[in-house]
Amino acid sequence: MYSNPKATDLFNSIAASWSDGDRRALQWLLEQELTQEAAMQLLREGLHEPRSTWSTPLPNSPILFTELAAKDLNLFGAGPARKQLESVLASLQTEMTTDRCQRLPGGDGWLLRSGPFCSVFGKEGEDLLVVAVACAGICPTAKVWRYLDQHKAEDLLKTGCLYFCRLDQLTDDPREARLTELAKQIKIQAYQAVFDHKDAPKIVGIDEEFSRSTTYVCSWTRRKHESYLAWKHYCSGDGPGGGFAVVSDERRICHLSHALKSKDDQTFCQGVEYLDPFSDDQPNKGEGAAVFCKSHWFSDETEVRFAVMRRGNGREDEDEKTLKRIKEEKPLGEWIACDLGNLVQEIVISPFASAKQERSLKEIMEKFRPELANRVRESGIRVAERRLAS
């Protein structure tokens, strides 16, 4: 299932007792190793974090953590995995002399791979400073993008909120959050076997629509580089054009997921799984699992999806009449506040933005989000076009 089976085995060794939801929330990350290059990037970023934000979160240990490293640590909750990780981190001084610890070029930092964990740390005077912690097999620096047209980009800057669209309003894929045909037939047959109900197909269909009408999503894409097709699809075409892409990474997306979940337990984040809409069974039968599955012809999106599920626990009144009322009464979207300062690594201006649109974005940013102004850069596509034309 994953490109790195060893990483999956390591994850399973500490997650055997976790709930299915907790396992799914992290398992989609198990695709890349934390490389030496990525470790050096994390070290550079960590050493530039303000000293005033450093802390000592380990019990009875003087080891320092940057703010982002402390957030990494919080992702492990308070269970056995956290205790195992804390034990590894508390013994960094000893681990530095083992073959599990690799000194980074320049001699200012180390990458430790110990069991199912990786950590990057350096020295600040005589003190050890942890700058990043992750599960083995996870690359925290892998880029994650969200493309926004002019209107949505301006809205993000003004409100500081991510927009979550109701699933039934997404028109690109008519099968959003629908079961595959095989999975639907299995569900219908199971329902008929228990209740002997001739309306089973209709009931299963209504169940799907309730999920689609009460779930809100915010979609991102995992890519190394910006995508010409993504710019064309999201930031030009029939829309207002212009806009920008927010560039974050796997690490910050996990931090955002943790922060949103701590405020609203109906919030989830997961990588989308791509299935044959006819012959594949649904890999997970849990409530809302179909929200994180799409037809395989959308696999080039490599989507990371935040979802807010507002369905509730009651199912007794879920009929066509109630569904119609829900569709009329439920908002078409939700705006959810986030810390853009922590989330945003870069803002890339659309290569198709006009001078007027680009100027408008920068003026709004200076007024509402001045902390992001120095993270704006020009699209590589526009730079390349200019160079080729000269």
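Residues numbered from 1 in each chain as written. Predicted model: local features only at pLDDT ≥ 70, side-chain atom pairs only at ≥ 80, totals over all residues. Heavy atoms only, no water.

Draft legend 1. The arrangement of the overall build of the protein in detail. Assigned secondary structure in the protein consists of 15 helices and 16 strands. Taken over 390 residues, the protein has a buried fraction of 50%. In the protein, the share of contacts with a sequence separation of at least 24, taken over all contacts with a separation of at least 6, comes to 74%. (Helix = DSSP H or I, 4+ residues; strand = E, 2+ residues; numbered from the N terminus. Buried < 20%, exposed > 50% of the residue type's maximum accessible area, 1.4 Å probe, protein only. Contact = heavy atoms within 4.5 Å.)

Draft legend 2. The packing of aromatic side chains, seen in detail. In this structure the tally under the stated criterion is seven aromatic pairs. Within the aromatic cluster, the residues linked to one another by ring pairs are Trp145, Tyr147, Trp231 and Tyr234. A cation sits over an aromatic face here: lysine 294 above phenylalanine 298, 4.8 Å from the ring centre. (Phe/Tyr/Trp six-rings, centres within 6.5 Å; stacked < 30°, edge-to-face > 60°. Lys NZ or Arg CZ within 6 Å of the ring centre and 35° of its normal.)

Draft legend 3. Spotlight on the side chain of aspartate 173. Counting through the fold element by element, aspartate 173 comes out in the loop between β7 (161-166) and α8 (181-195). Although aspartate 173 is buried, it forms no salt bridge, and the closest oppositely charged side chain is lysine 294 at an N-O distance of 4.7 Å. Apart from residues no more than four positions distant in its own chain, aspartate 173 is found in contact with Lys294, Ser295 and Phe298. (Lys, Arg positive; Asp, Glu negative; His and termini not counted. Salt bridge = Lys/Arg side-chain N within 4 Å of Asp/Glu carboxyl O.)

Draft legend 4. Looking closely at the nonpolar core. Grouped together as the largest cluster of nonpolar side chains are 31 residues, with contacts concentrated most on Leu162, Phe164, Trp220, Phe244, Ile253, Phe306 and Leu343. Sequence-distant contacts of phenylalanine 306, defined by excluding residues within four places in its chain, comprise Phe164, Tyr216, Val217, Cys218, Trp220, Ile253, Leu256, Ser257, Leu260, Phe268 and Cys269. Of all hydrophobic cores here, the second largest spans 23 residues; its members include Leu85, Val88, Phe121 and Ile138. (Core = buried A, V, L, I, M, F, W, Y, C linked by side-chain atoms within 4.5 Å.)

Draft legend 5. Looking closely at the sheet that holds strand β5 (residues 127-135). Spatial strand order, β1-β5-β4-β3-β2: five strands in an open sheet with mixed pairing. On the outer flanks of this sheet lie β1 (64-65) and β2 (101-103), each paired with one strand and no other. The pairing of strand β4 (residues 117-124) with β5 spans eight bridges and is antiparallel. Across the sheet, glutamate 124 pairs through a bridge with aspartate 127, a residue of β5. (Pairing = 2+ DSSP bridges.)

Draft legend 6. The arrangement of helix α9 (residues 200-213) in detail. Taking 1.5 Å as the rise per residue, α9 with 14 residues should run 20 Å; its terminal C-alpha atoms sit 20 Å apart, in good agreement. For α9, the full list of buried residues reads Ala200, Val204, Ile206, Glu208, Glu209, Phe210, Ser211, Arg212 and Ser213. On its buried face, α9 sits against β7, α8, β8 (215-222) and α12 (320-329). (Expected span 1.5 Å × (residues − 1).)

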